[in-house]
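Here are the chains, one letter per residue:
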Amino acid sequence: MTLDSTDLFGAVLDRRIVPVLVPMPALKAYSYGVPDGLAVEPGSIVQVPLGPRLVVGVVWDGDDDGTVDPKKLKRIEKVFDCPPLNRDMRAFLDWVAAYTVTPPGLVARMALRAPTAFDPEPMVEALRLTDRRPERMTAARERVIAAASDGLAWTRSGLAHAAGASSSVIDGLAAQGVFETVFMPPPPVVAAPDPDFAAPRLEGPQKEAAADLLTTIEEGKFSVSLIDGVTGSGKTEVYFEAIAATLRAGKQVLILLPEIALTASFLERFQDRFGAKPAEWHSDLAPRMREKVWRQVTTGRVRVVAGARSALFLPFEELGLIIVDEEHDPAYKQEDRVFYNARDMAVVRGRISGFPVVLVSATPSLESRVNGEVGRYRPIHLPTRFGDAALPHLGVVDMRRHPPERGGFLSPVLVNQIGKAVGRGEQALLFLNRRGYAPLTLCRVCGHRFQCPDCSSWLVEHRFRGQIQCHHCGYSERTPEACPECGTLDHLVACGPGVERIAEEVERHFPEARTIVLSSDLMGVKRLRLELEAIARGEADIVIGTQLVAKGHNFPLMTLVGIVDADLGLANGDPRAAERTFQLLSQVTGRAGRTGLKSLGLLQTYQPQHPVMQAIISGDSDAFYEREIHERERAALPPFGRLASIIVSADTRHDAEGHARGLRNAAPRVDGISILGPAEAPLALIRGRHRFRLLVHGRRNSDMQSFVKAMIAAGPKERGSINVQLDIDPQSFL
DNA sequence: AGCACGCCGACT
DNA sequence: GTCGGCGTGCTC
C-alpha cells in the first residue's frame, strides 16, 4: 500500500471501488479498491486479501454502494490472466444463488474449483529441426532426424518415442545445434471431436426421433426436450446427433451423467462416434488434469465435456447444448453447502444463455413427465428396442405361493431358472439393494439388537470382513461372538438378507458355478471395472449385486435377471418410494436381453398386484405415472386450504423425513402454513398451485427460532417468497 | 467457509 | 500450572 493512494490513516483512496464475490457465505459482494493501472471488469478473476489470508474472488456487477467504512477497504492484489466469467455465467450464478438461498460467493466458488488454473498453462518446451547436421551420423541419430523432418516441433519424449531412440540421443543432437528450442502451447487434454467421424444410419423410430430433436436443436434457441425410451432403444445415438449438430454450429457441448454412469464404456462409445473422447469432469479427477480441463474449457479448446453435476458450473466459453442423461437420477442432487439439482439448473443455464437442453431417461422423473404433459418440455418417445434385441420377458414370482425354503430367500421358481440359464452357458444376475450379510443382528437369548452407538440405526453384519457396520455414519467394529447385553456365546442370529447371504445361498444350490458379489464396499472403482469387464467376457456364471449393477454396463450373456426383493424400498415412508423403485427395477431388468437370446426377468414379491410390479411386467408405465402424479398432488394439498407452503430442501430419507415430521408437528402453531415434503413440492410448483415457496435453511438454532417467530408474526403474505433453508433439527423450533 | 478468540475440563 | 475441546464472531 503506497502513500499516494491511501490517506494518513491508511484508508484506500483509489478512484475505483468494485464489488468482489469472495468464497465465503457473505450476503453480498465485498468492496475492494482497484489500484491504478489494474484492468478489471465484471467477471474478472482476482486475488484479494480476506481477513488473514489471500483468496480467489470474482469481480461482480454493479457499483459500490458506499456503505462500507473506507478505512476497512482493502485492494485487489492481482488480476489473473484468464478469460473473465461472461455475462451469462454471472447471471446464472446469481440466479442459482437466489433460487437455492445460498450466499452468492459460495455459488461462484463452484465455478472456480481449479486451484491454480487461473493463470495460463505454461508453454511447453519443444524441439524443431534446423539446417545443421551432426558431425558423426549414427543409426539412432538418423532415425531421430527422419522422424523430425516433417518440420513440426516435437517434445523431447514424443520424438524419442517416435524415433525409437533414447532422449539422450536427442540431447546430443540439440547440443550440436541440430535442434532449436521453441515454445508451443500445451497439448489439448482431448482431441477435437469430429461431428462427421462415424455418423450412423439411423432407421425407423430412432431416425424419426433424431429428426424431431434436430429441428429444435438447429434453431439454436432455448428449449427443453425430454427423450424417453426403454433401455436399448438407442437414446444415446439420438442425442449424439444433437451433439454433432451443435459441434457443426461451432458451439461447446456439456453431457451431464450421474457420477457412477461416467464409465470408460460411455467414453468409448462417444469416441466411436466422434473419433475422440470428451473431456471428463468429476470429483476424483487428478488435480493437474482438473486444472487443464478447466483452463481449456474456458478458452474453448475443449469442445465437449462429459461430467458429473459439478461440471454444470464450468465457465464454458460458448456453451450451446446440455444433455442430462439419466435425468431422473437422484445423484443430480447436491445436498451439502449449495443445495441444487443439476438437472433443473441445467435447464436454467439453457434459458439464460438461449440454447437447447435435452433431458434423457428410460424412466423420467414425475416432475419431468408433468413438465412434458403441460407443454413446458418437448417429449420425444423411443418406443422400442432397435435391431434384434428383444425386451426380456418379465414376470413376478408371488412369494406367498412359492416361498423359499427355510432360512433361504430365493424361491424355487427363481432357483430353477438360475439353473437353466447357467446350464445353457449363459449368465444370471441377482439384484438385491442391500450390502453386507444381514441388515439386523440380534441375540436369540435376550433379544438384544445391535445398534450404532452414534446414530442408533441397525448395525449391518459384513461376514466377508468379519465386521458389523453402520451404513449411516460409517461406524464399525469386529463382529462379536458374545452378546454384549447378556454375555451368551454363539447365540447371535442374522435377520434378513444382504448380498453376501444371497451368495451363500447360491453357492449352496450351485456349488460348481462361478459366483461373484458386486458391492461398492467390496472393491474400489478400479477393481470394480476389471470385474465388470471380466463378467462381460463371460468369466462368471452368477452375479449378485447391489445398485451398482443397475448402471451403464452391458452384459451380452446375461439372460436372467432375478430381483431378490422387489418390495424392498416400497414401505419406507418416502413419498417417492414407488417412483424410485420403479426406476431402479426398470434399470436392473433392462440389463437383460440385448443379444437376441431369449431372456427373462423375475421379480420376487409379496405384492404381485402392486402398481410398481404391474408397470414393470406389463411394460406400460403410463398408468403408473398417472397414478403416482395424482397421489403426489393429493398429498401436496395444503391442510388449511391456504396457499403458503414450506418446502424442506434436504431430502435424504433420514434428513427429510425427520425434518418434515418436525415441521408437521410444528404446523399447528404456524397457522396457515402447510408443509410439503421435498418430493411433492416440485409438482405443486410446476402446476402453480402454491404461491409461496418457503425454503427453511439455517446454520444455527437461533436462526431457526427467529425465523419461525418472524413467520408466525408475519402470517401468510400476499405474494413473493421467503427463502430460508433448514438443516438442523426442526424439533427445536418452538 | 476458514480462522481467531475465549472460556471451562483433564493432563504432562 | 498448561493443552485443547468447540461456541461465537468476523472477514470489504
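Residues numbered from 1 in each chain as written. Chains lettered and ligands numbered in written order. Predicted model: local features only at pLDDT ≥ 70, side-chain atom pairs only at ≥ 80, totals over all residues. Heavy atoms only, no water.

**Q** Mind showing me how you'd approach the protein's contact with DNA strand C here?
**A** As a matter of local geometry, DNA strand C sits amid Met-24, Tyr-30, Ser-31, Tyr-32, Pro-49, Leu-50, Gly-51, Val-68, Lys-72, Leu-73 and Lys-74. When the atoms of DNA strand C within 4 Å of the protein are grouped by moiety, sugar and phosphate amount to 46% of the total. Here a base oxygen of DNA strand C and a backbone polar atom of Ser-31 are 2.7 Å apart. The contact in question runs from a sugar or linking oxygen of DNA strand C to an N or O atom on the backbone of Gly-51, over 3.1 Å. Of all the secondary-structure elements, those providing two or more residues to the surface near DNA strand C are strand 2 (30-34) and strand 3 (45-50). (Near = heavy atom within 4 Å. Polar contact = N/O pair within 3.5 Å; in protein donor to acceptor, adjacent residues only side chain to side chain. Helix = DSSP H or I, 4+ residues; strand = E, 2+ residues; numbered from the N terminus.)

**Q** Is there a simple way to think about the protein's contact with DNA strand B in this case?
**A** Taken together, the residues surrounding DNA strand B are Met-24, Pro-25, Arg-53, Arg-109 and Arg-337. The sugar-phosphate backbone supplies 31% of the atoms of DNA strand B found within 4 Å of the protein.

**Q** Would you mind going over the UniProt feature "binding site: Zn(2+) 2" (unreviewed entry) in chain A with me for this structure?
**A** Residues annotated in UniProt with the feature "binding site: Zn(2+) 2" (unreviewed entry) correspond here to Cys-452, Cys-455, Cys-470 and Cys-473. Tracing the backbone through its elements, the reader meets Cys-452 in the loop between strand 20 (440-443) and strand 21 (459-462). (UniProt positions renumbered as here; feature names shortened; annotations may be inferred.)

**Q** Quick question: what am I supposed to make of the pattern of salt bridges here?
**A** Opposite charge on two side chains lets them pair, provided their charged atoms get close. Evaluated as defined, the whole model comprises 25 salt bridges. Residues Glu-373 and Arg-369 are paired through a salt bridge, measuring 3.9 Å at the closest nitrogen-oxygen approach. One end of the pair, Glu-373, and the other, Arg-369, are both in helix 11 (residues 366-373), 4 residues apart, so they sit about a helical turn from each other. Looking at Arg-369, the relative accessible area reads 14%, which means it is buried. In this structure, Glu-531 engages Arg-527 in a salt bridge whose closest nitrogen and oxygen atoms are separated by 2.9 Å. With a gap of 4 residues between them, Glu-531 and Arg-527 both fall in helix 14 (residues 525-536), about one helical turn apart. Look at Arg-527 and you get partly exposed, because its relative accessible area is 42%. One continuous salt-bridge network, built from bridges that share partners, spans Glu-327, Arg-343, Asp-344 and Glu-367. (Salt bridge = Lys/Arg side-chain N within 4 Å of Asp/Glu carboxyl O. Buried < 20%, exposed > 50% of the residue type's maximum accessible area, 1.4 Å probe, protein only.)

**Q** When you look at the nonpolar core in this model, what are you seeing that I'm missing?
**A** Generally speaking, soluble globular proteins have nonpolar side chains that are buried together. Counting 56 residues, the largest nonpolar core has Leu-93, Leu-256, Trp-294, Val-305 and Leu-312 as the members making the most contacts within it. Within the second largest apolar cluster, 36 residues are counted, among which are Val-370, Ala-550, Ala-615 and Tyr-625. (Core = buried A, V, L, I, M, F, W, Y, C linked by side-chain atoms within 4.5 Å.)

**Q** Any chance you could explain the sheet that holds strand 4 (residues 53-59) here in plain terms?
**A** Sheet strands line up and pair through hydrogen bonds in the backbone, either parallel or antiparallel. Reading across from one edge, 5-2-1-4-3-6 is the order of the 6 strands in this open sheet, with mixed pairing throughout. Across the chains shown, the open sheet's two edge strands, defined by having one partner strand only, are strand 5 (74-75) and strand 6 (78-79). (Pairing = 2+ DSSP bridges.)

**Q** Before we go on, may I ask you to explain unusual backbone geometry in this structure?
**A** One non-glycine residue with positive phi stands out, namely Glu-326, at about 50°. A positive phi angle, near 55°, is found at Asp-490, a position not held by glycine. Within the secondary structure, Asp-490 is located in the loop between strand 23 (476-478) and strand 24 (492-495).

**Q** It is not clear to me how the packing of aromatic side chains should be interpreted in this structure. Could you clarify?
**A** The geometry of an aromatic ring pair comes down to the distance between the two centres and the angle between the two planes. For the structure on display, the rule yields 12 aromatic pairs. Arranged with centres 5.1 Å apart and planes meeting at 85°, the rings of Phe-118 and Trp-294 form a pair that is edge-to-face. Placement of Phe-118 in the loop between helix 2 (104-110) and strand 7 (124-129) and of Trp-294 in helix 9 (residues 287-298) is noted, with a sequence separation of 176 residues between them. Classification of Trp-294 as buried rests on a relative accessible area of 1%. Taking the centre distance of 6.4 Å and the plane angle of 65° together, the rings of Phe-240 and Phe-266 count as edge-to-face. In this pair, Phe-240 sits in helix 7 (residues 235-248) while Phe-266 sits in helix 8 (residues 264-274), placing the two residues 26 residues apart along the sequence. In this structure, Phe-240 and Phe-266 share a single accessibility class: buried. Cluster of aromatic residues (ring-pair linked, three or more members): Tyr-239, Phe-240, Phe-266, Phe-270 and Phe-274. (Phe/Tyr/Trp six-rings, centres within 6.5 Å; stacked < 30°, edge-to-face > 60°.)

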